[in-house]
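Examination of the molecular architecture
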Amino acid sequence: MSDDEDIPQLSADTLAALSMFQAEQQQKYEELKSGKIEKIDEDWQLSQFWYDDDTSRKLVREGIAAALKSEERPARIGCVSSPTLVKFFHETEEYKEGLIQLTLFEFDSRFGMKFPTEFVLYDYKQPTQLPAELLGKFDVIIADPPFLAAECLIKTAHSIRLLGKENVKVILCTGAIMEDYASRLMAMHRTSFEPKHTNNLANDFSCFANYQTSTF
C-alpha cells in the first residue's frame, strides 16, 4: 500500500461543502473590509453583549469630554474589549477633525477586518502582550471585560495600567457585583449611569470611573 492510500480522502460532497464555506467566509471578509456589513453579530461564546445605541453614544460623549481635558492633540482613547463603541466614535466631529485618536484592543478578529487601522489583537488572559509603542500612551481608556470574574477584571486592570498615562481616566462597564474589585484594583467609584444592552441581561450592570465624570 502506498503512502497516498494511507491518507484519508474527503468525499466529493464534503469537498464541495468546504469550498462553499470558504467562499462564504471570503465574501464576509470582503464585505467587512468594504463596510457593506454595518453590524457584527454578537458571539455569545465570546460573552459578547452589545450596548444599545443610547448607551454607546453616552459612553463616547463622556470618553471624548475626558480626553479633551488632556493638553495633547490628538488625545488618545483606548477601547479595551468594547468594540461596538468604535462606530460611534467615528460619527463624532472630534474624531473627524482629528482631535482624538482611537485604538481598539479586542480579541474578536472580525473587528480587525472592519477597523484594520485601529485594531490591536488583545487577549485578557495575556495582559502584558501589548505593543511596546502603545504603553503609557492613553489619556482615556474605556473597558468592558468580557466575563464577570475576578481573574478577568484583575488581568484587564493590569493591561489598563500598562496602557494608560500616569493620570489616565478610566471608564469601566461591568456587573455591579464587581464593585469591590473595581474599587480595590483601580480606585474606581460607581457612577449614576447604568449601561443598557440590546439584549437585556439578567445581571445588574454598572459603570465605574476613577475620576469625576462630567456628562453622567
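Cut-off values and rules
Residues numbered from 1 in each chain as written. Predicted model: local features only at pLDDT ≥ 70, side-chain atom pairs only at ≥ 80, totals over all residues. Heavy atoms only, no water. Helix = DSSP H or I, 4+ residues; strand = E, 2+ residues; numbered from the N terminus. Buried < 20%, exposed > 50% of the residue type's maximum accessible area, 1.4 Å probe, protein only. Contact = heavy atoms within 4.5 Å. Areas by Shrake-Rupley, 256 points an atom, 1.4 Å probe, with all protein chains shown as cover. Pairing = 2+ DSSP bridges. Axes fitted to C-alpha atoms, helices over the stretch in contact; angles between N-to-C directions. Expected span 1.5 Å × (residues − 1). Salt bridge = Lys/Arg side-chain N within 4 Å of Asp/Glu carboxyl O.

Before going further, it helps to spend a moment on the overall build of the protein. Scanning the protein from N- to C-terminus turns up eight helices and seven strands. Counting over 216 residues, the protein shows a buried share of 43%. Sequence-distant contacts in the protein: of pairs separated by 6 or more residues, those separated by 24 or more amount to 70%. Split by element, the accessible area of the protein, about 12000 Å² in all, is 50% carbon and sulfur.

What follows deals with the sheet that holds strand 2 (residues 100-106). Spatial strand order, 3-2-1-4-5-7-6: seven strands in an open sheet with mixed pairing. Either end of the sheet is taken by a strand with one partner, and the two such strands are strand 3 (119-121) and strand 6 (189-190). Relative to strand 7 (residues 205-209), strand 6 is paired through two bridges, and the arrangement is antiparallel. Pairing of H189 across the sheet is with A209, part of strand 7. Here helix 8 (residues 179-186) sits on the sheet in contact with strand 5 (164-175), strand 6 and strand 7, set at roughly 175° to strand 5.

What follows covers helix 7 (residues 150-163). Taking 1.5 Å per residue as the helical rise, helix 7 with its 14 residues ought to reach 20 Å, and the 20 Å between its terminal C-alpha atoms agrees with that figure. Where helix 7 is buried, its residues touch strand 1 (75-80), strand 2, strand 4 (138-143), strand 5 and helix 8.

Counting buried residues along strand 7, five of its five residues qualify, which places the element largely inside the surrounding structure. With burial as the criterion, each face of strand 7 is covered, one bearing F205, C207 and A209 and the other bearing S206 and F208. Two strands pair when backbone bridges link them, and strand 5 and strand 7 are joined in this way by five bridges, in the antiparallel orientation. Bridge pairing in strand 7 places I171 opposite A209.

Before going further, it helps to spend a moment on the environment of K169. Structurally, K169 can be placed in strand 5. Linking K169 and A67, residues 102 residues apart in sequence, is a C-alpha distance of 8.0 Å. Residue contacts for K169: discarding those within four places in its chain leaves A66, K69, D139, V140, I141, N210 and Y211.

Another aspect to go through is the pattern of salt bridges. For the structure on display, the rule yields eleven salt bridges. The partner of E72 in a salt bridge is K165, and the shortest N-O contact between them spans 3.3 Å. With a gap of 93 residues between them, E72 in the loop between helix 3 (53-67) and strand 1 and K165 in strand 5 connect regions that are remote in the sequence. Residue class for K165 comes out buried when judged on its relative accessible area of 17%.

With respect to the helices and strands, the residue T174 is situated in strand 5. Relative accessible area serves as the criterion here: at 2%, T174 is assigned to the buried category. With sequence-adjacent residues up to four places away left out, T174 is seen in contact with L148, F205, S206 and F208.

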